[in-house]
Amino acid sequence: MLDGLARRLIDPPLDRAGRSLAGAGVSANAVTMLGLVTGLAAALMIALRFDGAALVLFAVNRVLDGLDGAVARSSERTDRGGLLDIVFDFTVYGAVPLAFALREPDTFAVPAAVLLMSFYVNGASFLAFAAIAAKRGLDTQTRGIKSIYFSAGLMEGTETILFFLAMILVPAWFPILAYAFAGLTFMSALARIVLAWYAFRDEEEDDDGSS
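Residues numbered from 1 in each chain as written. Predicted model: local features only at pLDDT ≥ 70, side-chain atom pairs only at ≥ 80, totals over all residues. Heavy atoms only, no water.

A. Region of the structure containing the packing of aromatic side chains. Following the criterion strictly, the structure yields nine aromatic pairs and no others. When the centroid spacing of 5.8 Å and the interplanar angle of 70° are considered together, the rings of Phe-58 and Phe-164 count as edge-to-face. Separated by 106 residues along the polypeptide, Phe-58 in helix H3 (residues 51–74) and Phe-164 in helix H6 (residues 157–169) bring together distant segments of the chain. The exposure classification of Phe-58 matches that of Phe-164, with both residues buried. A centroid spacing of 6.1 Å and a plane angle of 70° characterise the contact between Tyr-93 and Phe-164, whose relative ring orientation is edge-to-face. Remark: Phe-164 occurs in helix H6 and Tyr-93 occurs in helix H4 (residues 79–103); sequence separation between them is 71 residues. Assigned by exposure class, Tyr-93 and Phe-164 land together as buried. (Phe/Tyr/Trp six-rings, centres within 6.5 Å; stacked < 30°, edge-to-face > 60°. Helix = DSSP H or I, 4+ residues; strand = E, 2+ residues; numbered from the N terminus. Buried < 20%, exposed > 50% of the residue type's maximum accessible area, 1.4 Å probe, protein only.)

B. Main features of the packing of helix H2 (residues 28–47) against H4. Following both chains from N to C, one finds H2 and H4 inclined at 5°, their axes separated by 8 Å at the closest point. Relative to H4, the element H2 lies roughly parallel. Side by side, H2 and H4 meet where Asn-29, Thr-32, Met-33, Leu-36, Gly-39, Leu-40, Ala-43, Ile-46 and Ala-47 of the first sit next to Gly-81, Leu-84, Asp-85, Phe-88, Thr-91, Val-92, Ala-95, Val-96, Ala-99, Phe-100, Leu-102 and Arg-103 of the second. Looking at the contact of H2 with H4, its residues break down into 14 nonpolar, five polar and two charged. (Axes fitted to C-alpha atoms, helices over the stretch in contact; angles between N-to-C directions. Parallel < 35°, antiparallel > 145°, perpendicular 65-115°, else oblique. Contact = heavy atoms within 4.5 Å. Nonpolar A, V, L, I, M, F, W, Y, C, P; charged D, E, K, R; others polar.)

C. Structural view of a nonpolar patch on the surface. Among the surface-exposed residues, Leu-190, Val-194, Trp-197 and Tyr-198 lie close enough to one another that they form a single nonpolar patch of about 480 Å² accessible area. For Leu-190, the position within the fold is in helix H7 (residues 174–199). Here Leu-190 falls in the exposed class, since its relative accessible area comes to 55%. (Patch = residues over 30% accessible without salt bridge, like charges linked within 9 Å, V, L, I, M, F, W, Y side chains within 5 Å. Areas by Shrake-Rupley, 256 points an atom, 1.4 Å probe, with all protein chains shown as cover. Salt bridge = Lys/Arg side-chain N within 4 Å of Asp/Glu carboxyl O.)

D. Layout of H7. Spanning 26 residues, H7 covers 36 Å between terminal C-alpha atoms, matching the ideal 38 Å at 1.5 Å per step. Those residues of H7 lying buried are Phe-174, Pro-175, Leu-177, Ala-178, Phe-181, Ala-182, Thr-185, Ser-188, Ala-189, Arg-192 and Ala-196. Residues of H7 that are buried in the fold lie against H4, helix H5 (105–135) and H6. (Expected span 1.5 Å × (residues − 1).)

E. Broad picture of the pattern of salt bridges. One pass over the full model with this rule turns up four salt bridges. Here Arg-49 and Glu-104 are joined by a salt bridge, their closest N and O atoms 2.6 Å apart. You can see Arg-49 sitting in the loop between H2 and H3 and its partner Glu-104 sitting in the loop between H4 and H5, a full 55 residues away along the chain. Residue Arg-49 is classed as partly exposed on the basis of its relative accessible area, which comes to 44%. One salt bridge in this structure joins Asp-51 and Arg-103, with 2.6 Å as the shortest N-O distance. Here Asp-51, found in helix H3, pairs with Arg-103, found in helix H4; they are 52 residues apart in sequence, far enough to count as distant. Exposure remark for Asp-51: the relative accessible area of 21% places this residue in the partly exposed category. Bridged by salt links that share partners, the residues Arg-62, Asp-65 and Asp-89 form one connected network.

Written out as structure tokens, the structure is:
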């Protein structure tokens, strides 16, 4: 929901940094892989209760996640790079709730599982929407230039970052934050499914009046 506003604020400095890195011969894939390493390191620090280090590493991960796209736009965008970007993002997003579950299994495991379930459903709706949009030749740049179709949602990258930062800053609030985050994520998935149901109607369905 906030990604459109966030992109207008962060894209100009990221693009400048991306041009500098691309000019220095740094590849977008290298930035993406470094982002994965810092993201997983942040999750490890959460599990080990080194919250200061986790906060710094997660912030670096998010900056690198923005930089890899900026480098790609200044050099060469590839399908392999787009694949790595999406998969590594999902990996880090899944690693953070898992880290909290490992940190306090008795208290955090159930809310972490509920949050991961919401990610699973939302991710499925997001990727299925992108696949069908590609099949129909649809395209959008409302969330920047992407390798796949990015459908807007209630909970997007900016909201995820804010929730994760709050969890790291105040770990005791993890259950409340996780349930709230999960509920909003389920709502986002439901809204996308409803949108897809109407956006992807076939002509045959319109003709015979079926739903």
